[in-house]
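Working through the structure, step by step
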Amino acid sequence: MSVYAQRVASDGPAAWWPLVLPAGSSSVPDQSGNGYTASPTAVTFGYADTPVAGEPWSASFNGSAYADATSFNPSAWPACTVEGWVNLLGRHQGTANPRLLANSHTDGTNDNSGFELFISSVTTAQVAFGNSTANSTLSAAGSFGTGWQYLAGTWDGSVTTLYVNGAIAATGTLTGALAPGITGYTSLGYNAVYGHDWVNGLLAHLAVYDKALTAAQIAAHYAAAAVPPGLFLGLF
């Protein structure tokens, strides 16, 4: 297991889809151990490019590919974290607002539920959380660069935080508990509410937690990706 995977596992994700799968795979296992397997459509596995030292592959999403975890739709959580790695490879992004993870159109006027981790206008990292009556949508204009990027968002029941490559990029406020997404499940690589905002690029290690990871934990996740297997990354 890579150092990055060990770091994620130690923080106890509620659902975790590494997407480190050989070509021809027909399902996306949930490595959290909670059984939230995702079903892929047109995803190319075994892509020989990865953000994590010691891992061979990521998964390629072609602008219409996706995976649905039909049994995963968190409800009434007092806190939440979403995270993932993405590399758009310079590909055209269609609507230019690709979703890494979503279970609702959280930032939509009449939604205010669930979560979304996404990119707006290709260069702006964003995260959104909803409590059913309001949402907190955070943006960091110009924050999304080229190559592999690590995005994460946390909500501790009052404060929302967006991270880009392990550093805080924006903060906001939202009280209450996480409302279940209106799709009834979680989608990887697009937003199933309206069947759009597809990722055209690579994804790896998408995860959701029923807690707000600390800034130190987020920074540790980002740093761990570069550590070769067999070495220890201090200050965890």
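Residues numbered from 1 in each chain as written. Predicted model: local features only at pLDDT ≥ 70, side-chain atom pairs only at ≥ 80, totals over all residues. Heavy atoms only, no water.

Quick look at the packing of aromatic side chains
Note the cut-off: Put simply, two rings from Phe, Tyr or Trp (the six-membered ring, in Trp's case) pair if the centres are within 6.5 Å, and we call them stacked under 30 degrees between planes, edge-to-face over 60, tilted for the rest. The secondary structure listing takes helices from DSSP runs of H or I that are at least 4 residues long and strands from runs of E that are at least 2 residues long, numbered from the N terminus. Burial classes follow relative accessibility: with a 1.4 Å probe on protein chains only, a residue under 20% of its type's maximum area counts as buried, one over 50% as exposed, and anything between as partly exposed. Each ring is checked for a lysine NZ or an arginine CZ that lies within 6 Å of its centre and within 35 degrees of its normal; such an atom marks a charge sitting over the ring.
In the structure shown here, the tally under the stated rule is 11 aromatic pairs. Ring plane angle 40° and centroid distance 5.1 Å describe the contact between W85 and Y150, whose orientation is recorded as tilted. Of this pair, W85 sits in strand β6 (residues 80-87) while Y150 sits in strand β11 (residues 149-155); the two residues are 65 residues apart in sequence, bridging distant segments of the chain. Across this residue pair, the class does not change: W85 and Y150 are buried. Between the NZ or CZ atom of R99 and the centre of the ring of F118, over which it lies, the distance is 3.9 Å.

Observations regarding the packing of helix α1 (residues 3-10) against helix α2 (residues 215-224)
Which entries qualify depends on this criterion: For helices, the fitted axis covers only the stretch in contact; all axes are lines through C-alpha atoms, and the angles between them, taken along N-to-C directions, range from 0 to 180 degrees. Roughly parallel means an angle under 35 degrees; roughly antiparallel, over 145; roughly perpendicular, 65 to 115; everything else is oblique. Two residues qualify as a contact provided that any one of their heavy atoms is within 4.5 Å of a heavy atom in the partner residue. Throughout this entry, Asp, Glu, Lys and Arg are counted as charged residues, while Ala, Val, Leu, Ile, Met, Phe, Trp, Tyr, Cys and Pro are counted as nonpolar. The remaining residues, Gly among them, count as polar.
In contact at an axis separation of 8 Å, α1 and α2 are set at 160° when each is read in the N-to-C sense. In terms of their interaxial angle, α1 and α2 are classed as roughly antiparallel. On α2, the residues that touch V3, Y4, R7 and V8 of α1 are A220, H221 and A224. Here the residues of the contact of α1 with α2 sort into five nonpolar, one polar and one charged.

Topic: the nonpolar core
Condition: To form a nonpolar core, buried Ala, Val, Leu, Ile, Met, Phe, Trp, Tyr and Cys residues must be joined to one another through side-chain atoms within 4.5 Å.
Formed by 43 residues in total, the largest nonpolar core has its most connected members in W17, F72, V82, L101, F129, L151 and V208. If you look at the next biggest cluster of nonpolar residues, it comprises 20 residues, including Y4, W16, V52 and A224.

Quick look at the confidence of the model for the protein
Applicable threshold: The predictor rates its confidence in each residue with pLDDT, a number between 0 and 100.
Averaged over every residue, the pLDDT of the protein is 95; the share at 70 or more is 97%. Averaged over each element, pLDDT in the protein is lowest for strand β8 (residues 115-120) (96) and highest for strand β1 (residues 15-17) (99).

Topic: α2
Rule in force here: Each C-beta atom gives one direction from the helix axis, and the arc is the one those directions make.
Among the residues making up α2, those that are buried are I218, A220, H221 and A224. The buried residues of α2 occupy one face: seen down the axis, they fall within an arc of 160°. Along its buried surface, α2 packs onto α1, β6, β11, β12 (159-164) and β15 (200-209).

A word on α1
Residues of α1 that are buried include every one of V3, Y4, A5, R7 and V8, and no others. Close packing links the buried residues of α1 with β1, β6, β11, β15 and α2. Trailing α1 by a residue or two, G12 shows a phi angle of about 65°, which is positive.

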